[in-house]
Amino acid sequence: MVTYGSYLVCNEYMEEVKRFLMQFFEETPDDYSSEGWTTLVIPDAGFKINLMQDTELPLTQNMTFEIYCSSLEELQSMAVKHKQQVKSFLATKAPQQYRYHYIDVPGPYNICKVEINYVEDL
C-alpha cells in the first residue's frame, strides 16, 4: 500500500500540538522516528502525520486537516464534543448545488486546525 504523509514542525510546542491532534488521530511507532519526532496516523487510510522538533526548520503554520462526516448528525455530535457551533452555506456556483456544513477546531499557536464537515446534496 502507498502511504501518504505530511509533517508539522512544532519546535517548542510539540506536546501541545500532539495532545490536540491525538483527539482525531492515533499515535503509532514508526521505523524512521527519532527523538523529537512523533508519528500519528488516520486508521486504515494510509496517511501519516509526522510532528517534528527541528530548530533548523521554520515553524509550520496554518495547516488544516479535514474530516468528512457521513451524516449531519455525526457532524453535530462532533460539534458538541469540541464545543463548536455548526456553520453552513449554500454552494450555488457548482454544477451540482449543495449545502456545506462544518466546524473548525483550532489547534495551538496557529500551527494547525481540524475542519470537520458534511456535504448535503440538494
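From a predicted model like this one, the values you see are computed outputs, not experimental measurements.

(A) Geometry of the sheet that holds strand S6 (residues 87–91). A sheet is described by the order of its strands in space; here 4 strands give the open sequence S5-S8-S7-S6, paired in mixed fashion. Single-partner strands in this sheet number two, and they are strand S5 (63–68) and S6. Sheet twist, expressed as the average angle between the axes of neighbouring strands with direction ignored, equals 30 degrees. Note that strand S7 (residues 98–106) and strand S8 (residues 112–121) share 9 bridges and pair antiparallel. Each residue of the ladder has a partner; that of Val105, found in S8, is Val114. With respect to the sheet, helix H1 (residues 14–21) is in contact with S5, S7 and S8, its orientation differing from that of S8 by roughly 20 degrees. Strands in contact with helix H2 (residues 72–81) are S7 and S8; relative to S7, the strand with the most contacts, it is inclined by about 20 degrees.

(B) Just the pattern of salt bridges, in detail. For the structure on display, the rule yields 2 salt bridges. Residue Glu27 is joined to Lys18 by a salt bridge in which the shortest nitrogen-to-oxygen separation is 3.2 Å. Looking at Glu27, the relative accessible area reads 40%, which means it is partly exposed. Overall, the relative accessible area of 15% leaves Lys18 in the buried class.

(C) Structural detail: the nonpolar core. Core analysis: the largest hydrophobic core is formed by 23 residues, its most contacted members being Leu8, Leu21, Leu51 and Ile116. Residue assignment for this core shows that the elements contributing at least two residues are H1, strand S4 (47–52), H2, S7 and S8. When neighbours within four sequence positions are excluded, Leu8 is seen to be in contact with Val17, Ile49, Asn50, Leu51, Met52, Thr60, Met63, Phe65, Ile111 and Cys112.

(D) Structural detail: the side chain of His101. Tracing the chain through its elements places His101 in strand S7. Setting aside its immediate chain neighbours within four residues, His101 contacts Leu72, Leu75, Val86, Lys87, Ser88, Ile116, Asn117, Tyr118 and Glu120.

(E) Layout of the pairing of S6. Where S6 lies against S7, 5 bridges are found, and the strand directions are antiparallel. When the bridges of S7 are listed, Ala91 appears paired with Tyr98. Hairpin connection from S6 to S7: 6 residues lie between these consecutive antiparallel strands.

(F) Structural context of unusual backbone geometry. Phi at Asn62 is positive, roughly 65 degrees, even though this residue is not glycine. Relative to the assigned elements, Asn62 resides in the loop between S4 and S5. Using a relative accessible area of 52% as the deciding quantity, one classes Asn62 as exposed. Although it is not a glycine, Tyr109 sits at a positive phi angle of roughly 55 degrees. Within the element layout of this structure, Tyr109 appears in the loop between S7 and S8. The class for Tyr109 is partly exposed, based on a relative accessible area of 46%.

The rules we used
Residues numbered from 1 in each chain as written. Predicted model: local features only at pLDDT ≥ 70, side-chain atom pairs only at ≥ 80, totals over all residues. Heavy atoms only, no water. Pairing = 2+ DSSP bridges. Helix = DSSP H or I, 4+ residues; strand = E, 2+ residues; numbered from the N terminus. Axes fitted to C-alpha atoms, helices over the stretch in contact; angles between N-to-C directions. Contact = heavy atoms within 4.5 Å. Salt bridge = Lys/Arg side-chain N within 4 Å of Asp/Glu carboxyl O. Buried < 20%, exposed > 50% of the residue type's maximum accessible area, 1.4 Å probe, protein only. Core = buried A, V, L, I, M, F, W, Y, C linked by side-chain atoms within 4.5 Å.

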